[in-house]
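# Descriptive structure summary
The residues making up each chain are set out below.
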Amino acid sequence: MATKSETKSTDRNDHGSGIVAGVAHGIVPGVVHLALDVADRGQSTAVAVLQDARIELRTAIDSGLDLAEKLAAGTIRLARKVVAKLDDASNETLTGAERVFTGAVKSARETSRAAGELAATAASGVAGQAA
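Residues numbered from 1 in each chain as written. Predicted model: local features only at pLDDT ≥ 70, side-chain atom pairs only at ≥ 80, totals over all residues. Heavy atoms only, no water.

## Quick look at the overall build of the protein chain
Put simply, the test is: Comment: elements are numbered from the N terminus, with helices defined as DSSP H or I runs of at least four residues and strands as E runs of at least two. Classification of residues uses two cut-offs on accessible area relative to the type maximum, computed with a 1.4 Å probe and protein chains only: under 20% is buried, over 50% is exposed, and between them is partly exposed. All accessibility values rest on the Shrake-Rupley procedure with a 1.4 Å probe; residue burial counts only the protein chains present in the view.
Within the protein chain, the regular secondary structure consists of 1 helix and 0 strands. Residue burial in the protein chain is summarised as follows: out of 131 residues, 0% are buried. Put simply, the protein chain shows about 11,400 Å² of open surface, and 64% of that area lies on carbon and sulfur atoms.

Written out as structure tokens, the structure is:
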């Protein structure tokens, strides 16, 4: 019977060593390789997402700068138009004021000339009656 127990214990030891050897040569390296593949894919995915985010951020900033540039150009165009309109309005106002002042001076000259003639006529009428 001693031989049977030796055989059984030998079978157990050989069979146990075979599992350990199988684990060491098959399962553990497979799990390690799978973990490394998952980590590599995760890293690649993370870098790709970050690159996409960088591209979108750059596009948004470029669009914002274009908008700011167009708004600035539009504001300058508007300011030029406002200045031109104000200049036209002030030109018309000054031209109108010049006409009014010229007309007033002309009227004052005519009035003073007419008053002088009237005074001369009155004086000659008064002087003519006295003579």
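## Digging into the pattern of salt bridges
Put simply, the rule is: What counts as a salt bridge is simple: a side-chain nitrogen of Lys or Arg found within 4 Å of a carboxyl oxygen of Asp or Glu.
Inspection of every chain in the model, using the stated rule, returns 1 salt bridge. Across the pair Asp 62 and Arg 58 runs a salt bridge whose closest N-O atoms are separated by 3.1 Å. Of this pair, Asp 62 and Arg 58 both sit in helix α1 (residues 2-130), 4 residues apart, which is roughly one turn of that helix.

## Here we look at a nonpolar patch on the surface
In plain terms, the rule: Patch membership is restricted to residues that have no salt bridge and whose relative accessible area is over 30%. Joining uses 9 Å for like charges and 5 Å for the nonpolar side chains Val, Leu, Ile, Met, Phe, Trp and Tyr.
Side chains of Val 28, Val 32 and Leu 36 sit close together on the surface and give an oily, nonpolar patch of about 250 Å² of accessible area. Counting through the fold element by element, Val 28 comes out in helix α1.

## A few points about the confidence of the model for the protein chain
Keep this limit in mind: Confidence of the predictor at the level of single residues is given by pLDDT, which spans 0 to 100. For this analysis, residues touch if any pair of their heavy atoms sits within 4.5 Å.
Of all residues in the protein chain, 78% attain a pLDDT of 70 or more, and the chain-wide mean is 85. This model gives residues 1-14 a pLDDT under 50, and the stretch forms 0 contacts once residues within four places in sequence are excluded.

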